Amino acid sequence: MTSPANIGNIRNIAVLAHVDAGRTTTTERILALADRSGVAGEDHGITLTAAATTCGWRGHSVTIIDVPSSLVHGTDAARAIRVADGAVALIDAESGVESQLEALWRLADDRALARIVFVNKMDRAGADFGAAVEAVRSKLKALPLVLALPLGQGSDFIGIIDLVRERALTWKAMPFGAAFAEEPIPADRLVEAQQARAALVAVVAPKQTGTDGLVAAIRAAVAAGTVVPVLPGSAFRNKGMQPLLDAIVDYLPSPDQVGAVEVQDPATGSFSSRAANDDAPLTVFAFRSGLDPVAGPLLFARIFSGVLAQGAEIANATTGRPSRVARVLRFEASERVELAQATAGDIVALDGLGEARPGDTLTAPGQLALVEPTTEQIRSRSA
Ligand SMILES: Nc1nc2c(ncn2[C@@H]2O[C@H](COP(=O)(O)OP(=O)(O)OP(=O)(O)O)[C@@H](O)[C@H]2O)c(=O)[nH]1
Ligand SMILES: [Mg+2]
């Protein structure tokens, strides 16, 4: 986990949810699962104080970015979405799509962010998967692509039918066990599952038949923003979490797929783009401040391009002041890891930046650029 990941194996994911839909529970479950698969035999106290936490899954480095639900924190939410390459939207299976998710969804629309939907709380008595899928269409104005059907609901919710791989996954280790069994699709659901699979194949029209061709076609459609995969589960009961992680890895884009970042020259106002790779000039965007009980005040930031080394002399392009990064940290599920450097696509916490604020862009001295316009620029534009 501590070695730098190949950029194609990075997933920076924002979790979008209405208050109480299960953002914290879902994030905790993901981190617990991923942590267990990556690190053997330790006691995992999971810290959720961080604005971004990184974990490993199937050889990928997945960073979960916390997005405040309440739009009282609208700027924080918009910046969290700005640094994400994809998002998981949580819908409460009982209460459906609610206002805060709708507002966050619009912010993600503005950035054409690739998304998948997790219909959470399928174990609740009033859970209605079909209604949640319909709400993706009617309220979120997106084309839902159902990738799995629930097996039972309410207290009978035991698992899902994976339509892509045509199998049933059941979590029978009660009450909260993560282990699941893979079985054939139950005979009484077979026709329904075949019809649902045919519907999904018809939407994404894979050029190659077979599972791999279908996965690639779904991935392409998600990146293009034409479809939103939908999966049912229950974070609280720990059911459906591995398929959610698989979907993050299989269907949401990596930083290099999302591509270059558009920046503005603070002196001339002219725009240019910087490619999402280590050889491009350094572009770091600070999106959230945090106060860590151990590390102290930190600034969470995304490396859009270039390489940021610990101790590097940098410039705050927003304020025009020189600065120095004392430490580059990454929050992993169970610990804080100090990195020698962060590379393009990484999301890290920076220590020692003093006056820098969320919204600031940090660059190499002499290569100033802004990801977000400065307050002065916004004022002069609206004047
Ligand atoms: N039955 C059931 N309850 C759930 C599930 N997921 C979360 N909950 C419960 O729903 C409540 C809210 O869950 P949280 O994970 O705290 O939700 P949140 O979205 O982080 O809430 P805020 O941080 O307040 O926005 C808690 O009581 C959870 O135990 C689920 O899958 N099934
Ligand atoms: Mg929460």
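Note that the coordinates shown come from a computational prediction; the quantities given were computed from them, not determined experimentally.

1. Some details on the overall build of the protein
The secondary structure content of the protein amounts to nine helices and 23 strands. Against the globule reference of 21 Å for 383 residues, the protein gives a C-alpha radius of gyration of 21 Å, in line with a compact fold. Considered along the principal axes of its C-alpha atoms, the protein spans approximately 65 × 45 × 40 Å. In the protein, which comprises 383 residues, the proportion classed as buried is 49%.

2. A word on the nonpolar core
The biggest cluster of nonpolar side chains holds 121 residues, and the ones touching the most others in it are I13, A14, L16, I65, I91 and L147. Of the domains in this structure, domain 1 (7–257) and domain 2 (259–382) are the two that each give at least three residues to this core. Residues contacting L147, with those up to four places away along its chain left out, are L163, V164, L200, P229, V230, L231 and A247.

3. Section: the domain arrangement of the protein
The domains assigned to the protein are domain 1 (7–257) and domain 2 (259–382). Look at where the C-alpha atoms of domain 1 and domain 2 centre, and you get two points 29 Å apart. The interface is formed by 28 residues belonging to domain 1 together with 20 residues belonging to domain 2. Of all the elements in the fold, those that place two or more residues in the side of domain 1 that touches domain 2 are β1 (10–17), α1 (23–38), β2 (52–57), β3 (60–66), α2 (74–83) and α8 (255–258). The element contributing the most residues to the side of domain 1 that touches domain 2 is α2, with five residues.

4. Observations regarding the packing of α2 against helix α3 (residues 99–110)
It is at 10 Å that the axes of α2 and α3 come closest, and there the two elements cross at 45°. Taken together, α2 and α3 sit at an angle that is classed as oblique. Along this stretch, α2 crosses α3, giving a crossing that reads as right-handed. Residues A77, A78 and I81 of α2 form the contact with α3, whose participating residues are L104, L107 and A108.

The rules behind the values
- Residues numbered from 1 in each chain as written.
- Chains lettered and ligands numbered in written order.
- Predicted model: local features only at pLDDT ≥ 70, side-chain atom pairs only at ≥ 80, totals over all residues.
- Helix = DSSP H or I, 4+ residues; strand = E, 2+ residues; numbered from the N terminus.
- Rg over C-alpha atoms; globule rule 2.2 N^0.38 Å.
- Buried ≥ 20, exposed ≤ 12 C-beta atoms within 10 Å, placed from the backbone.
- Core = buried A, V, L, I, M, F, W, Y, C linked by C-beta atoms within 7 Å.
- Domains from an automatic or database assignment.
- Contact = placed C-beta atoms within 7 Å.
- Axes fitted to C-alpha atoms, helices over the stretch in contact; angles between N-to-C directions.
- Parallel < 35°, antiparallel > 145°, perpendicular 65-115°, else oblique.
- Left-handed = near helix turned anticlockwise from the far one by under 90°.

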